[in-house]
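# Architecture and fold: a report
Here are the chains, one letter per residue:
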Amino acid sequence: MSWFNRVRNSLPFVAKRSTDETLWIKCKGCGEMIFASDYADNLYVCPRCEHHGRIGADTRIAILMDEGFDLLPQPEVKEDPLKFRDSKRYTDRLKAARANNPHRDAFTVASGAIDGQPAVMGVQDFHFMGGSMGMAVGQAFCDGAAEALRRKCGYIVVTAAGGARMQEGILSLMQMPKATVMVRKLRQAGLPYIVLLTDPTTGGVTASYAMLGDVQIAEPGALIGFAGQRVIQETIREQLPEGFQRAEYLHEHGMVDRVVNRHDLKGELAMMLRYMRGSKAA
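Summarised in this report is the structure supplied together with it. (Residues numbered from 1 in each chain as written. Predicted model: local features only at pLDDT ≥ 70, side-chain atom pairs only at ≥ 80, totals over all residues. Heavy atoms only, no water.)

### Considering the pairing of strand β5 (residues 117-124)
Our working definition: Each residue gets one of three labels from its accessible area relative to the maximum for its type: buried under 20%, exposed over 50%, partly exposed in between, using a 1.4 Å probe on protein chains only. Elements are defined by DSSP. Helices are runs of H or I of four residues or more, strands are runs of E of two residues or more, and each kind is numbered from the N terminus. In this analysis, strands are considered paired if DSSP registers two or more bridges between them. With strands facing away from the observer, any crossover in which the path from the first strand over the helix to the second runs clockwise is taken as right-handed.
Buried residues dominate β5, accounting for seven of its eight residues. Looking at chain direction, strand β4 (residues 107-114) and β5 are connected through eight bridges and run antiparallel. Across the sheet, the residue bridging to Ile 114 is Gln 117, located in β5. If you look at the hairpin formed by β4 and β5, you'll find two residues sitting between the two strands, and Asp 115 has a positive phi there, around 50°. One crossover worth recording links β5 to the parallel strand β6 (residues 154-161) by way of helix α6 (residues 135-151), and it is right-handed.

Here is the structure:
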């Protein structure tokens with residue numbers, strides 16, 4: 001940056017010009033430059049290669065739910081129960097994550113409707129500490145399931161996570177059976193539990209509620225798995241096939257029911273809720 005621009009940008013009363021970073025987005029799929037406004041208008045999907053970009057919880061809810069939805073309160077849990085510290089204190093990492101996020105943790109629940117179909121939706125946000133599953137995420141998931149039981153409607157969960165939150169140790173892993181119990185209660189009540197797998201869904205989240213849906217949907221190109229590809233290759237000492245752990249590969253091998261473009265998700269979810277409404281557990 002030139003001396004003139006540095007001085008200009010430091011003046012509070014001078015309007016800042018739009019920079020290339022604010023005007024353009026580089027697609028992570030094809031590498032092409034896209035107008036940021038066009039990218040947002042296209043639901044953060046590249047208009048050239050259809051790469052589906054990662055989006056936050058509020059954007060996801062606004063795209064999928066009808067207007068007038070309500071956000072459930074964020075659960076209050078004990079923070080830093082293990083007094084964990086690595087290169088930073090866990091409390092400092094939480095503060096930094098909250099400073100860049102509108103919510104207190106990585107799981108947000110909304111109650112409303114999808115194309116007129118009553119629904120509760122829980123959304124995991126990868127932008128908050130990699131969407132990692134800790135006590136707050138586990139409790140928010142259970143609160144969403146309880147709200148669906150109270151309203152007698154379907155529960156839709158959108159996953160995006162790097163796995164369990166290491167700073168909470170065994171307390172993080174305990175959220176896996178806790179969430180599984182709530183999924184079982186939904187099933188006993190005959191209420192739909194639909195999972196939308198987005199990029200990336202890995203680790204303990206995949207090993208629990210992400211793979212327990214009555215229907216498993218995935219966005220195109222989403223990374224879905226438990227262990228990383230490199231770890232698997234080193235363990236089995238074999239080269240993995242092309243596209244391994246991507247949504248299309250999992251669909252081809254029966255682990256995902258459908259791969260649905262983001263533009264079609266709202267109608268798809270509404271259709272499933274309409275079809276599954278009132279069905280009884282087998």
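Having seen the model, we can carry on.
### Here we look at the environment of Ala 110
Among the structural elements, Ala 110 can be located in strand β4. Judged by its relative accessible area of 0%, Ala 110 is buried. Separated by 13 residues in the primary sequence, Ala 110 and Ala 97 have C-alpha atoms spaced 21 Å apart.

### What to know about the pattern of salt bridges
Basically, it comes down to this: For this analysis, a salt bridge means a side-chain nitrogen from Lys or Arg found within 4 Å of a carboxyl oxygen belonging to Asp or Glu.
Counted by the stated rule, this structure contains 14 salt bridges. With a closest N to O distance of 3.0 Å, Asp 66 and Lys 266 form a salt bridge. Highlighted residues: Asp 66 in the loop between α4 (57-64) and β3 (70-71) and Lys 266 in helix α12 (residues 265-276), separated in sequence by 200 residues. Looking at Lys 266, the relative accessible area reads 22%, which means it is partly exposed. Residue Glu 79 is joined to Arg 104 by a salt bridge in which the shortest nitrogen-to-oxygen separation is 2.8 Å. One end of the pair, Glu 79, is in the loop between β3 and α5 (90-99); the other, Arg 104, is in the loop between α5 and β4, and 25 residues separate them in sequence. Each of Arg 54, Asp 199 and Arg 246 takes part in a single network of salt bridges with overlapping partners.

### Description of α4
The condition is simple: The arc refers to the directions leading from the helix axis to the C-beta atoms. The contact criterion used throughout is that any non-hydrogen atoms of two residues lie within 4.5 Å.
Listed as buried for α4 are Ala 57, Arg 60, Ile 61, Ile 63 and Leu 64. Around the axis of α4, the buried residues are gathered within 160° of arc, so they sit on the same side. In the core, the buried residues of α4 are packed alongside β3, β4, β5, β6, β7 (193-201) and α12.

By themselves, these figures tell us nothing about what the structure is for.
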